[in-house]
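Summary of the model geometry
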Amino acid sequence: MATDTMTKPVIDGGTTKTRVFKNFIDGEWVESNSGETFEDRNPADTREVVAIFQRSNKADVDGAVDAARRAFAKWRLVPAPRRAEMVFRAAEILIERKEEHARDMTREMGKVLKETRGDVQEAIDAAYYNAGEGRRLFGPTVPSELPNKFAMAVRQPIGVCGMITPWNFPMAISSWKLLPAIVCGNACVIKPAQDTPLSTFNLVQALTDAGVPRGVINVIAGYGPEAGAPLTEHPSVRAVSFTGSSAVGRTIGTTAAKSFKPCSLELGGKNPMIVLDDANLDLAVEGGLWGAFGTTGQRCTATSRIIVQKGVYHKFVDHFVARAKKIRVGNGLDETVEMGPAVNEKQLTTDLNYIEIGKNEGAKLITGGNRLDQGELQHGWFLEPTVFIDVDPKMRIAQEEIFGPVVAIIPCEDLEDAIAIANNIEYGLSSSLYTKDVNKAFAAVRDLEAGITYINAPTIGAEVHLPFGGTKATGNGHREGGIGAVDFYTEWKSIYVDYSDTLQKAQIDRGE
Ligand code: NAP
Ligand code: MG
């Protein structure tokens, strides 16, 4: 398999060395039919071009889907434990390359090294989990209601799966999709976000080096409407998995529904963290900071609303704001930096617009709110960690996903009031509660309308082997992670074997 092209540096203008990536289709590196490319730039220093990728179009999608279709015919017949062994080997390769891939990721999308190492680790964890799944893929074997008849159900792969990913967890989210899909016997075409193709290519390189055959995984780089949309529309793509915004998810879900394609949508969030009077306040402050400003607030599960009971409200705000002011913002390659830049200029503009909206709505901006552009920071998309207090839950900054380091602190009366505020939004991804009262904790677990609830931890921190996803506008009922992914990437076939040598009629021949 041609792997050299991927890492071979090319001379750009005779001065700088920039890696140029072709698309990866049928195990070959091929240029886009468009003849055009685009740059992947470092959001911490936009003078740096991290790599160049193909600007793919419908013709490229057609080629990739054809390759996947051909590969699927053979791959589906490879025993699942053999498929899984390749995924296991990929985990070991990723361990060796973890630091290199983390650095690539920090350069391509800005989050700090500690977090990009975590992102690669999540792909490793997902690889080990899914490798184990190759020896399970359990299905039910049940007694038949008739004599001398055997009844069972097996999981079968769906065919070619189309995948579209966002930029905030560029390797982890690609791994949540690709790994269960191929262990289940599907072939894939993936289009990563234009901001972060490199991390997906790094993952696919590891899988290729681990022995995944040509055509089983195909990667096309490019822009959403040009390369993503034709993938979701292609008649030979039999399932679509999308992670991204609710707006794009709605379009993709509508397209998929027209041809009855299974479609998994993992969308936005506006995640609440509730702090009750009896909480360990120091723990809640630290958790809130990590949840709100980790990944520069650019997590679907980011803690974007903190709902604090009135008895500790002022104390919580004081401690939280004092700590938020001390967060070190800068280039994520510097190990002392705690928060990197916004991923691109558009996201920074969105953040700044929401800060204006919050001010105009009458929320109190207590810290942050400004772009940071002094010294080296002038070359990147940096923003101060921003805190609004005394926020009314109906305000736009308390209702809409911002996807930046902007948090709304909302006072509340008691748990019941807090849960009502928490639930009164469009989304339902993650949620959290800080309390020492086990009764209140379990009541919140029952009543918070969200796919995930944390007790005494912030809204972030999912592990790969439990279902991941949300309710309401966060998705359409599917889950990634754990058995949820296996459910999505397989279809049931029920099998009845009658060894009675007579015609037995179900529901009719009851021997009565
Ligand atoms: P986005 O704008 O919806 O983009 C996501 C992906 O869709 C990108 O690859 C994008 O390509 C592609 N795309 C855009 N328009 C498309 C179209 N018309 N047809 C097909 N594909 C299209 O979201 P984002 O800004 O990258 O990511 C942030 C959003 O993702 C947030 O809302 C966040 O909450 C959500 N998210 C959800 C989860 C979850 O599991 N629930 C996890 C992470 C992120 P280009 O960018 O290349 O144009
Ligand atoms: Mg970039």
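Residues numbered from 1 in each chain as written. Chains lettered and ligands numbered in written order. Predicted model: local features only at pLDDT ≥ 70, side-chain atom pairs only at ≥ 80, totals over all residues. Heavy atoms only, no water.

A short note on the site of ligand 1
Residues in contact with ligand 1 amount to 31 residues; listed here are only the nearest, Thr165, Gln194, Ser245, Leu267 and Glu401. Between ligand 1 and the protein, one listed contact pairs an oxygen atom with a side-chain N or O atom of serine 245 at 2.6 Å. At a separation of 2.7 Å, a nitrogen atom of ligand 1 approaches a polar backbone atom of leucine 267. Protein contacts shield 87% of the accessible area of ligand 1, which totals 900 Å² for the unbound molecule. Secondary structure elements with two or more residues in the shell around ligand 1: helix H7 (224–233), strand E12 (237–243) and helix H8 (246–258). Among the elements that take part in the shell around ligand 1, H7 stands out by supplying 4 residues, more than any other. Residue composition of the shell around ligand 1, grouped by class: 17 nonpolar, 11 polar and 3 charged. When residues of the shell around ligand 1 are assigned to domains, at least three fall in each of domain 1 (22–32 + 56–134 + 143–267 + 475–493) and domain 2 (271–455). (Near = heavy atom within 4 Å. Polar contact = N/O pair within 3.5 Å; in protein donor to acceptor, adjacent residues only side chain to side chain. Areas by Shrake-Rupley, 256 points an atom, 1.4 Å probe, with all protein chains shown as cover. Helix = DSSP H or I, 4+ residues; strand = E, 2+ residues; numbered from the N terminus. Nonpolar A, V, L, I, M, F, W, Y, C, P; charged D, E, K, R; others polar. Domains from an automatic or database assignment.)

A closer look at the sheet that holds strand E15 (residues 303–309)
To summarise the sheet geometry, strands pair through backbone hydrogen bonds and adopt either a parallel or an antiparallel arrangement. Taken in spatial order, the 7 strands of this open sheet run E16-E19-E20-E15-E14-E22-E23, and their pairing is mixed. Only two strands of the sheet have a single neighbouring strand rather than two, namely strand E16 (364–367) and strand E23 (452–455). The sheet shows a mean angle of 25° between the axes of neighbouring strands, taken without regard to direction. Where strand E14 (residues 271–275) meets strand E22 (residues 430–434), 3 bridges bridge the pair, whose relative direction is parallel. In the sheet register, isoleucine 274 faces E22, and the bridge partner there is leucine 433. (Pairing = 2+ DSSP bridges. Axes fitted to C-alpha atoms, helices over the stretch in contact; angles between N-to-C directions.)

With respect to helix H9 (residues 281–293)
The first and last C-alpha atoms of H9 sit 18 Å apart over 13 residues, in line with the 18 Å expected at 1.5 Å per residue. Within H9, burial applies to Leu281, Ala284, Val285, Gly287, Gly288, Leu289, Gly291, Ala292 and Phe293. Packed against the buried residues of H9 are E14, E15, helix H10 (313–325), strand E19 (386–389), strand E20 (406–412) and E22. Just downstream of H9 lies threonine 295, where phi reads positive at about 55°. (Expected span 1.5 Å × (residues − 1). Buried < 20%, exposed > 50% of the residue type's maximum accessible area, 1.4 Å probe, protein only. Contact = heavy atoms within 4.5 Å.)

Quick word on the pairing of strand E13 (residues 263–266)
The alternating pattern of E13 places Cys263 and Leu265 on one face and Ser264 and Glu266 on the opposite face, and all of these are buried. As defined by bridge partners, E12 adjoins E13 across 4 bridges and the pair is classed as parallel. Looking at E13, one finds that valine 240 is bridged to cysteine 263. Read as a crossover between parallel neighbours, the route from E12 over H8 to E13 is right-handed. (Right-handed = clockwise from strand over helix to strand, strands pointing away.)

Re the pattern of salt bridges
Applying the stated criterion across every chain yields a total of 33 salt bridges. Here aspartate 104 ties to arginine 19 by a salt bridge, and the two come within 3.1 Å at their closest N and O atoms. Remark: arginine 19 occurs in strand E2 (residues 16–20) and aspartate 104 occurs in helix H3 (residues 80–109); sequence separation between them is 85 residues. Pair check on accessibility: aspartate 104 and arginine 19 agree, each one buried. Here glutamate 115 makes a salt bridge to arginine 299, at a shortest N to O gap of 3.8 Å. One end of the pair, glutamate 115, is in helix H4 (residues 113–133); the other, arginine 299, is in the loop between H9 and E15, and 184 residues separate them in sequence. Relative accessible area serves as the criterion here: at 8%, glutamate 115 is assigned to the buried category. In the salt-bridge network here, residues are joined through shared partners; they are Arg19, Glu48, Asp104 and Arg107. (Salt bridge = Lys/Arg side-chain N within 4 Å of Asp/Glu carboxyl O.)

Notes on the coordination of the magnesium ion (ligand 2)
Within the protein, Asp40 (OD), Arg41 (O) and Glu108 (O) serve as the donor atoms for the magnesium ion (ligand 2), at 2.3 to 2.4 Å. With a relative accessible area of 2%, aspartate 40 lands in the buried category. The class for arginine 41 is partly exposed, based on a relative accessible area of 35%. (Donors = N, O, S within 2.8 Å, 3.2 Å for Na, K, Ca; no water.)

Brief notes about the sheet that holds strand E25 (residues 490–498)
With antiparallel pairing, 3 strands are arranged side by side in an open sheet as E7-E8-E25. Only two strands of the sheet have a single partner each, and these edge strands are strand E7 (141–143) and E25. Recorded for the sheet is a direction-independent mean angle of 20° between the axes of neighbouring strands. Sheet topology note: the E7/strand E8 (residues 149–157) ladder contains 3 bridges and is antiparallel. The partner of valine 142 across the bridge, within E8, is alanine 151.

With respect to the environment of glycine 162
As for its position among the elements, glycine 162 is in strand E9 (residues 160–164). Along the chain, glycine 162 and threonine 502 lie 340 residues apart, while their C-alpha atoms are 45 Å from each other.

Some words on the state of the cysteines
In total, this model carries 0 disulfides according to the counting rule given. Here cysteine 184 is not disulfide-linked; the sulfur of cysteine 161 is the nearest cysteine sulfur, at 8.9 Å. Owing to a relative accessible area of 3%, cysteine 184 belongs among the buried residues under this scheme. (Disulfide = S-S within 2.5 Å.)

Description of the domain arrangement of the chain
Taken as a whole, the chain is organised into domain 1 (22–32 + 56–134 + 143–267 + 475–493) and domain 2 (271–455). Each of domain 1 and domain 2 has a C-alpha centre, and these two points are 31 Å apart. Contacts between the two partners involve 17 residues from domain 1, matched on the other side by 21 residues from domain 2. For the pair domain 1 and domain 2, the summed buried surface comes to about 1600 Å²; carbon and sulfur atoms form 58% of the total. Its largest share of buried area at the contact with domain 2, domain 1 owes to Val112, Glu115 and Trp167, together 31% of the area lost on that side. (Buried area = accessible area lost by both parts, 1.4 Å probe.)

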